[in-house]
Amino acid sequence: MISSQNNLSERVTEVHSQNQCTTIKWQTPPNSFVKINFDGSITSNSVACGFIIRDDNGRPVSAASCHIGSASVPIAEAMTLRNNLIKVNEKGFTNVEVDGDSKLVIDVVN
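If you're wondering where the values come from, they're calculated on a predicted model, not measured in any experiment.

Chemist: Explanation requested: the nonpolar core in the structure shown.
Modeler: The nonpolar side chains of a soluble globular protein tend to be buried with one another. Core analysis: the biggest nonpolar cluster contains 9 residues, these being Val34, Ile36, Phe38, Phe51, Ile53, Leu81, Val88, Val105 and Ile106. At the level of elements, β3 (34-42), β4 (47-54), α1 (73-90) and α2 (103-109) are the ones that each hand at least two residues to this core. Here this core takes 3 residues from β3, the largest share from any one element.

Chemist: Is there a simple way to think about the sheet that holds strand β6 (residues 96-100) in this case?
Modeler: Neighbouring strands of a sheet are bound in pairs by backbone hydrogen bonds; such pairs are parallel or else antiparallel. Reading across from one edge, β5-β4-β3-β6 is the order of the 4 strands in this open sheet, with mixed pairing throughout. This sheet does not close on itself; its edge strands, each paired only once, are β5 (60-69) and β6. Ignoring which end each strand starts from, the neighbouring axes of this sheet average 15° apart. Pairing analysis gives 8 bridges linking β3 to β4, with the strands arranged antiparallel. Within β4, the residue paired with phenylalanine 38 across the bridge is phenylalanine 51.

Chemist: Teacher, can you tell me more about the confidence of the model for the protein here?
Modeler: Low pLDDT means the predicted coordinates in that region are not meant to be read closely. Mean pLDDT over the protein: 79, with 83% of residues reaching 70 or higher. Mean pLDDT across the elements of the protein bottoms out in strand β1 (residues 12-17) (48) and peaks in β6 (90). The low-confidence segment residues 1-16 (pLDDT under 50) makes 30 contacts with residues lying over four places distant or belonging to another chain.

Rules behind the numbers
Residues numbered from 1 in each chain as written. Predicted model: local features only at pLDDT ≥ 70, side-chain atom pairs only at ≥ 80, totals over all residues. Heavy atoms only, no water. Core = buried A, V, L, I, M, F, W, Y, C linked by side-chain atoms within 4.5 Å. Buried < 20%, exposed > 50% of the residue type's maximum accessible area, 1.4 Å probe, protein only. Helix = DSSP H or I, 4+ residues; strand = E, 2+ residues; numbered from the N terminus. Pairing = 2+ DSSP bridges. Axes fitted to C-alpha atoms, helices over the stretch in contact; angles between N-to-C directions. pLDDT = per-residue confidence, 0-100. Contact = heavy atoms within 4.5 Å.

Below, the structure is given as structure tokens:
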């Protein structure tokens, strides 16, 4: 969910692991870059994907989510990133930073 009242670049999430608390802050991309954040999700028999593209000030440029039927988590993540890359290409962006939680998908693209 995106809230226009919250500055997304200042939202902070705390991750608790082994009795330690680490603060993670979303980082804006370098000047003249856009940043893609993507994720795929799977439940018992449903796969969904979503992404947001933000400019170098953290402002949303484009966002979408979709239901993609039945697939594995890596396929859902890969389809989400693919949709993102198509969208940034359509919008004419050439300087793109990608951020997602699927190391497998990101490593394949790199």
